[in-house]
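# Fold and contact review
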Amino acid sequence: MPTLTAKKSKRPPVRASGRAAPALIFGDLWEFDPAPETADPKLKARYELFIDGQFVAPASGNYFDTVNPATEQKIAEMALGGAADVDAAYRAADKAQKTVWGKLPGRERAKYLYRIARLLQDRAREFAIAETMDNGKPIKETRDFDVPMAAAHFFYHAGWADKLEYIAPGRRVAPLGVVGQVIPWNFPLLMMAWKIAPAIAMGNCVVIKPATNTPLNAIKLAEIFQDAGLPPGVVNVITGPGSTGGLIMAHPTAAKIAFTGSTEVGKVILRSVAGSDKKMTMELGGKAANIVFDDAPLDQAVEGIVNGIFFNQGQVCCAGSRLLVQESVAERVVAKLKNRLRALRVGNPLDKNTDVGAIVSRGQLDSIRSYLDIGVKEGAELWQPPCRLPAKGFYMPPTIFTGVSQSHRIAREEIFGPVLAIIPFRTVEEAIEKANNTPYGLSAGVWTDKGSRILKMSTELKAGVVWANTFNQFDPTSPFGGYKESGFGREGGRQGLLDYCKLV
Amino acid sequence: MLARSHPAALRRLFDEVGTVDCVGVEARVAKYTTRSIKKASKLWGLKTAVSMVDLTTLEGKDTPGKVASLCRKALQPHDPALGVPQVAAVCVYPAMVRHARKALGRDATVRIASVATAFPSGQAPLKTRLGEVKAAVADGADEIDMVINRGAFLAGEFGEMQDEIRAVVAACGRATLKVILEVSELETYDNIRAASFLAMRVIREGDFIKTSTGKTSLNATLGNNQVMIEAIRDHYLDTGISIAMKPAGGIRTAKQALQFLIAIKETLGDAWLTNTRYRFGASALLNDLIRQIEKEKTGAYQAPYYFSEATESY
């Protein structure tokens, strides 16, 4: 008959005394040679604004530099758009919407979207490299995720354009008019696609501003609009500083504004348009909980944790920046995670073997560093894998904090960098309580072998997306958006399209 | 009675060693295939892979002459000027061990491995299987590749399965043991992980676990290789006992071999990047490795007839 003591010795015998604790060696026995992506990104020395189907100089005549964060070198000069340019863009968009685009049947609009998607696929490598240079994210991400996913959004919405009469059963839909959009620097090209594709599929015209740090592919995408023969004024791209974004958001011609970025800026925008009748969608910050239960497949969970917080250097609004891990497996998960991080390759983003690239700007790097100081000062334990960072450029090694509790600032505030706060929990209820104990609610992850628990968690977690046994998976057919201070409105899928139309 | 039924036994084992998510594993290994290995690192990988090959012929039509020529190829896979190393071992049926020993000589640096225990099915009485192991060792085999009792595993008779492995360990004496799980017959990643642990707990440091016989429809894949090396890693970190790994069957190109080595580098680390800890059970692979080495050195691909004949068994 089995006794309690017999049951205890489930594990194999402990190692012989005197022997060092077993450890894995992730050294340089087989160091990979550099494997840089070498295709030509086809860059110009200077880029203009894209208004009414033409590339035009900014009214002010001023330009600003866009910088490669991996080398700190200037890539190109970008036009600095101001109030006069924004006015011109809105005039062009309004005219196009009323005279051409809004009158075109959906099946005709679809042809343009299909053409844009295909042209983007044709030039995928060029766009991937330009994206990596401008943003610092690894080429393997731009090549395998950003560019194909951007094309997928145009394809998906092209498919909708001639089927819009079925999108709201019993109702007819009509475009809103001109839409003003401001997008962030973390997925420069993909956010262009997320914003533009549904808007123009529905018959709206667009005035859009890419982030100040990453304007390159936005204006290169305008080249594709031109090549696709998109009627002038349907999409207008204004590059420039944050203040120009403010002008786009507050412009009286805009029937709707759409913003993706920080919660802080989102609040400023909301105040600026208070009292107007603009429709709005906001996709803001996040502090997602990635919740690992003790019955989860741990190695795959570790992979999901890595993908959750170190994808795009953690500069993702839905990043799994809080790891909630069940007490009984916490130690094991952290040990596995550390071994996994030691095998990550940090460095030149243009190298095909790089897993973690550069942070977008010095300002962002400084902000992340200040959070590391705060975490250490508040008593959490910091760990980084040993890695050789390039001498120039804005790099941050993957970082994890253990010994974190809910009251730590690193567990409450969005860091927007490769920094993971690990918080243990004991029961399902505690996990839900902790996961929801945040002003944000964009995404969450649940790792467990138990299906019923996944269903329970996905109901109770206040997050726009709940991933089960995976993390950071995106698809144009799936609506994406937040609860609470993570914003409102959805992007992608049928729900995303409904945010770009009025029901009549 | 319920608790003794095999699903319950498997369930308990999964609880103990942990489960595997199929989608997650395959997403993980897909990343290995996007690694770009160039120049000196490629050459190092190719040569290391050559040194890890168990050059294999396992056919009914094998003859002493064919085994002798296999041994010759193992000792000198290609023009010595190219710096191609010797392979790790030749792998033959037990009846061919003495011919291989004769061809290689007493003090050969290439080891002789033999598939014993009623390979590939294992469906013979234990006494017969053990007799086969002892005969192969007596004839000069340095390594024994055994198959596990898949029937016992799937029926939840883990004790029986482990006792048989223990008996083979004893019959091996000083010979290294490789335990073939035959992953295609275990059906799921959960089962592959569980069977890996059962085997590792009864074999010795330096013994191997091996994916497959090469005689079924599905052989070594990056996925089942990953599940097994993660089990080896967990076992090592728990006990300090390092178990070696051998994927076999289906690895035919140098590109595949490099992907398997990348999996090792990123999962088990540098200590496993050696032929005492990692092997490839293969035959056609060797010539593709040499072809790629030649290309790295000369910048041009050579026609197949520039390389001595490959054995095409698996």
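See the structure above.
Here's a quick rundown of the structure. As the structure is a prediction and not an experimental result, all values here were calculated from the model. Residue numbers restart at each chain and count upward from 1, following the sequence in its written direction. The naming scheme follows written order: chains are lettered A onward, ligands numbered 1 onward. Local features in a predicted model are, by the rule used here, given only for residues with pLDDT of at least 70; side-chain atom pairs are given and counted only at 80 or more, and totals for whole chains, interfaces and linings are based on all residues. Note that water and hydrogens are dropped before the side-chain values are worked out from all heavy atoms of the structure.

### Thoughts on the packing of helix α11 (residues 222-239) of chain B against helix α12 (residues 254-267) of chain B
Residue and element names in this part refer to chain B.
- Two numbers describe how α11 lies on α12: the axes approach to 10 Å, and their chain directions differ by 25°. By the angle class used here, α11 and α12 are roughly parallel. The two elements α11 and α12 meet at a crossing, and its hand is right-handed. Residues L222, N225, Q226, I229, E230 and R233 of α11 form the contact with α12, whose participating residues are Q259, F260, A263, I264 and T267.
- Among the residues making up the contact of α11 with α12, the classes are represented as five nonpolar, four polar and two charged. Only the contacting stretch of a helix is used when fitting its axis, a line to C-alpha atoms as for every element, and angles between N-to-C directions run 0 to 180 degrees. The secondary structure listing takes helices from DSSP runs of H or I that are at least 4 residues long and strands from runs of E that are at least 2 residues long, numbered from the N terminus. Angles are sorted into four bins: roughly parallel if under 35 degrees, roughly antiparallel if over 145, roughly perpendicular if 65 to 115, and oblique for all others. A crossing counts as left-handed when the near helix is turned anticlockwise from the far one by less than a right angle, and as right-handed when that turn is clockwise. Any two residues having at least one pair of non-hydrogen atoms within 4.5 Å are treated as being in contact. Gly counts as polar in this scheme, as do all residues outside two lists: the nonpolar Ala, Val, Leu, Ile, Met, Phe, Trp, Tyr, Cys and Pro, and the charged Asp, Glu, Lys and Arg.

### Quick word on helix α8 (residues 158-172) of chain B
Residue and element names in this part refer to chain B.
- An expected span of 1.5 Å times one less than the residue number is assigned to each helix. Here α8 contains 15 residues, and its C-alpha end-to-end distance of 21 Å stays within 8% of the 21 Å for a straight helix at 1.5 Å per residue.
- Residues F158, M161, Q162, E164, I165, V168, V169, A171 and C172 constitute the buried set of α8.
- Downstream of α8 by one or two residues, G173 has phi in the positive range, about 60°. Think of it in three bands: with a 1.4 Å probe and only protein chains considered, a residue is buried below 20% of the maximum accessible area for its type, exposed above 50%, and partly exposed in between.

### Here's the deal with helix α3 (residues 106-122) of chain A
Residue and element names in this part refer to chain A.
- In a regular helix each residue adds 1.5 Å, so 17 residues correspond to 24 Å; α3 covers 24 Å between its end C-alpha atoms and thus fits that length.
- Residues G106, R109, A110, Y112, L113, I116, A117 and L120 constitute the buried set of α3. Projected onto a plane normal to the axis of α3, the buried residues spread over an arc of 160° and lie on a single side. Opposite the buried face of α3, at more than 90 degrees from it, the exposed residues are R107 and D122.
- Residues of α3 that are buried in the fold lie against α4 (124-135), α5 (139-161), α6 (188-201) and α7 (216-227). Picture the helix axis, draw a direction to every C-beta atom, and the arc is the one those directions span.

### Let's talk about the sheet that holds strand β12 (residues 289-292) of chain A
Residue and element names in this part refer to chain A.
- Two strands pair under a simple rule: DSSP has to find at least two bridges between them. The strand order β14-β15-β16-β13-β12-β17-β18 describes an open sheet built from seven strands, whose pairing is mixed. Each having just a single partner strand, β14 (381-383) and β18 (465-468) make up the two edges of the open sheet. Across the sheet, the mean angle from the axis of one strand to that of its neighbour is 20°, orientation sign disregarded.
- As defined by bridge partners, β14 adjoins strand β15 (residues 399-402) across three bridges and the pair is classed as antiparallel. The residue bridging L382 from the neighbouring strand is F401, located in β15.
- The strands that helix α14 (residues 428-436) touches are β12, β13 (322-326) and β16 (419-425); relative to β16, the one it contacts most, it runs at about 145°.

### Quick look at the pairing of strand β8 (residues 205-209) of chain A
Residues and elements named next belong to chain A.
- Across the five residues that make up β8, a large majority, five, are buried.
- Neither face of β8 is open: one carries C205, V207 and K209, the other V206 and I208, and all of them are buried.
- Here five bridges tie strand β7 (residues 178-182) to β8, and the two strands are oriented parallel to one another. Bridge pairing in β8 places V178 opposite C205.
- Look down the strands so they point away from you; if the path from the first strand over the helix to the second goes clockwise, the crossover is right-handed. Read from β7 through α6 to β8, the crossover connection turns out right-handed.
- The pairing of β8 with strand β9 (residues 235-237) spans three bridges and is parallel. Its bridge partner being in β9, V207 is matched across the sheet by N236.
- Where the polypeptide runs from β8 across α7 and back to β9, its parallel neighbour, the crossover connection is right-handed.

### Details of the pattern of salt bridges
- Salt bridge, as used here: a side-chain nitrogen of Lys or Arg that lies within 4 Å of a carboxyl oxygen of Asp or Glu. Summed over all chains, the structure comprises 59 salt bridges over all chains.
- D65 of chain A serves as the salt-bridge partner of K74 of chain A, at 3.6 Å between the closest nitrogen and oxygen.
- Overall, D65 of chain A belongs to the partly exposed group, its relative accessible area being 42%.
- Here D54 of chain B ties to K178 of chain B by a salt bridge, and the two come within 3.0 Å at their closest N and O atoms. Here D54 of chain B is found in strand β1 (residues 53-56), whereas its partner K178 of chain B is found in strand β5 (residues 176-180), with 124 residues between them in sequence.

### As for the interface of chain B and chain A
- Contact with chain B, which involves 42 residues of that partner, is made by 41 residues of chain A.
- Interface area for chain B against chain A, summed over the two sides, is near 3600 Å², with a carbon-plus-sulfur share of 50%.
- A simple way to read buried area is as the amount of 1.4 Å-probe accessible surface that goes missing from two parts once joined, with both sides added. When the buried area of chain B at its contact with chain A is split by residue, R35, K265 and D270 of chain B rank highest and sum to 18% of it.
- Along the contact surface separating chain B from chain A lie seven salt bridges.
- Across the pair D299 of chain A and R233 of chain B runs a salt bridge whose closest N-O atoms are separated by 2.4 Å.
- Within the residue set of the side of chain B that touches chain A, elements represented by two or more residues are α1 (6-17), α2 (22-32), α3 (39-51), α11 and α12 of chain B.
- Considering every element that reaches the side of chain B that touches chain A, the biggest residue donor is α11 of chain B, with seven residues.
- Considering only residue class, the side of chain B that touches chain A consists of 14 nonpolar, 10 polar and 18 charged.

### Notes on the environment of I293 of chain B
- Positionally, I293 of chain B belongs in helix α13 (residues 284-298).
- Apart from residues no more than four positions distant in its own chain, I293 of chain B is found in contact with L43, L46, K47, V50, L82 and V84 of chain B.

### Comments concerning the sheet that holds strand β3 (residues 111-115) of chain B
Residue and element names in this part refer to chain B.
- Taken in spatial order, the eight strands make up an open sheet running β7-β6-β5-β4-β3-β2-β1-β8, and their pairing is parallel. With partners counted over all chains shown, the strands left at the sheet margins are β7 (244-246) and β8 (280-282), one partner each. Across the sheet, the mean angle separating the axes of adjacent strands is 25° when strand polarity is ignored.
- One ladder, built from three bridges, connects strand β6 (residues 208-210) with β7; its direction is parallel. Residue pairing for β7: K210 is matched across the bridge by K246.
- Sitting on the sheet, helix α4 (residues 64-75) touches β1 and β2 (89-92), and the angle it makes with β2 is about 160°.
- The sheet contacts of α11 involve β6 and β7, and relative to β7 the element is tilted by about 170°.

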